[in-house]
Each structure stands twice: as structure tokens, then as C-alpha cells.
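# Commentary on secondary and tertiary structure
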Amino acid sequence: MSVNKDSNEAFTKVEGLELVMERFFMAPRELVFSMYTEPEHVQNWWGPNDWKTTVYQMDVQPGGIWHYCMRSEDGQEAWGKSTYLEVEKPGRLVYDDVFSDENGNDVEGFPIMKITVDFVEEGNGTRIVTRTLFESEEDLKQVMDMGVVEGMTETFDRLEQYLDQQ
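As the structure is a prediction and not an experimental result, all values here were calculated from the model. (Residues numbered from 1 in each chain as written. Predicted model: local features only at pLDDT ≥ 70, side-chain atom pairs only at ≥ 80, totals over all residues. Heavy atoms only, no water.)

## What about the confidence of the model for the protein chain?
Summing up the model confidence of the protein chain, the mean pLDDT is 92 and the portion of residues at 70 or higher is 96%. Overall, residues 1-7 carries pLDDT values under 50, and its contacts beyond four positions in sequence, including any with other chains, amount to 10 contacts. (pLDDT = per-residue confidence, 0-100. Contact = heavy atoms within 4.5 Å.)

See the structure below:
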């Protein structure tokens, strides 16, 4: 499957136990990387349409925690916690991501996802390549059934809109 480098459409595929999503942004790599690592930026674009994200903790270094809550307009909450494993500014982030509660405790029954985000310079822009590794086919299916592809597509759309304002 080829990727259209001129398109801003998200490209998605499943490779074994990995969900791969890519999207090109017409913005410098350092700026795009900062969108993922600075709370004042993350809060302005992270999450699907009509959801607002509040960052409660963001320590972007190996062993550091990112704890956040996404809230829908009708009051639903989705808490998440990530633990950074690798931080290579401005090229890569690797972290374990889990569903959590407001205190940062893992929620049982939801998968642990190992996420690698590469920020690849391409011409005058940056291609984000996100690889989410699941422990089992059941875990992958559970998250796919929850609408992760649609949610990340909307999240990428919001990032593009936010980058246009910078």
C-alpha cells in the first residue's frame, strides 16, 4: 500500500498486533514534536472532535508520566496515563499507554498499549508515524471496536487546525 505524501489524510493499517497510523503535516518537525510534549499545546488539540483535554501531569522524560482526562460536551470522561520509555527530541516518543482513573490507577479490563511516535522530516513538513503494539488480537480488537481509528483521525484533524494557528 502506498502513501500519498501530498495528502493530509490519515493512512491506517494493521500489521500483526500493531495498529499503524500516519499523517503528513506541513510544519517543521521541532514544532510538531512540541505539540506532543508541551501541555499548553496538547490541551488545545488532543482528542476527538467535541472533547476537551486537561493535562494533570506531563513529565516528558524516560520514566515520566503523562496523566490526562478527555471530557465530551455531554460530560463523559476518558482518563489516560502514559509512562514514557524513550524520548528522542525531536524524532521519537515511546510510551506505555493505559486507561486510568482520576488518581492514575490502571483500569482493569483495558489493554496496555506500547505506542511509538516517529516524527519524520519530509521536505517542508513532518510525517507522524504512530505504531501501537497490543499484547493480543483481543486487545487490538477491543480498542478498534472503541473507535480508535476514527478518534485518532479526528485528533490529527484537530492537530492540523491547531498547527495552522501557530
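## Digging into the sheet that holds strand β8 (residues 125-133)
Across the sheet, eight strands lie side by side as β1-β2-β8-β7-β6-β5-β4-β3; this open sheet has antiparallel pairing. Strand pairing shows two members of the sheet lacking a second neighbour, β1 (11-15) and β3 (51-58), which therefore form its edges. Direction aside, the axes of adjacent strands within the sheet are offset by 25° on average. Pairing geometry for strand β7 (residues 113-122) and β8, over nine bridges, is antiparallel. Across the sheet, the residue bridging to V117 is T130, located in β8. Of the strands in this sheet, β1, β2 (18-25), β3 and β8 are in contact with helix α4 (residues 148-164), which crosses β2 at around 20°. (Pairing = 2+ DSSP bridges. Helix = DSSP H or I, 4+ residues; strand = E, 2+ residues; numbered from the N terminus. Axes fitted to C-alpha atoms, helices over the stretch in contact; angles between N-to-C directions.)

## Observations concerning the nonpolar core
Judged by nonpolar contacts, the single largest core of 34 residues is most densely connected at Y36, W46, W66 and I128. Looking at this core, the elements with two or more residues in it are β2, α1 (29-37), β3, β4 (65-72), β6 (92-99), β7, α3 (137-145) and α4. Per-element accounting of this core gives the leading share, six residues, to α4. Aside from chain neighbours lying at most four places away, what touches W46 is Y36, T53, W66, Y68, M70, Y95, M152, T155 and R158. (Core = buried A, V, L, I, M, F, W, Y, C linked by side-chain atoms within 4.5 Å. Buried < 20%, exposed > 50% of the residue type's maximum accessible area, 1.4 Å probe, protein only.)

## A short note on the side chain of D118
Its location among the elements puts D118 in strand β7. With a relative accessible area of 16%, D118 lands in the buried category. Other than its neighbours up to four places away in sequence, D118 contacts G91, R92, R127, I128 and V129.

## So, the pattern of salt bridges
Under the counting rule described, the total for this entry stands at 11 salt bridges. We note a salt bridge from K13 to E15, for which the minimum N-O separation is 2.9 Å. Put simply, E77 and R71 hold a salt bridge, and the shortest N to O gap is 3.0 Å. By relative accessible area, E77 is classed as partly exposed at 46%. Each of K13, E15, E18 and R131 takes part in a single network of salt bridges with overlapping partners. (Salt bridge = Lys/Arg side-chain N within 4 Å of Asp/Glu carboxyl O.)

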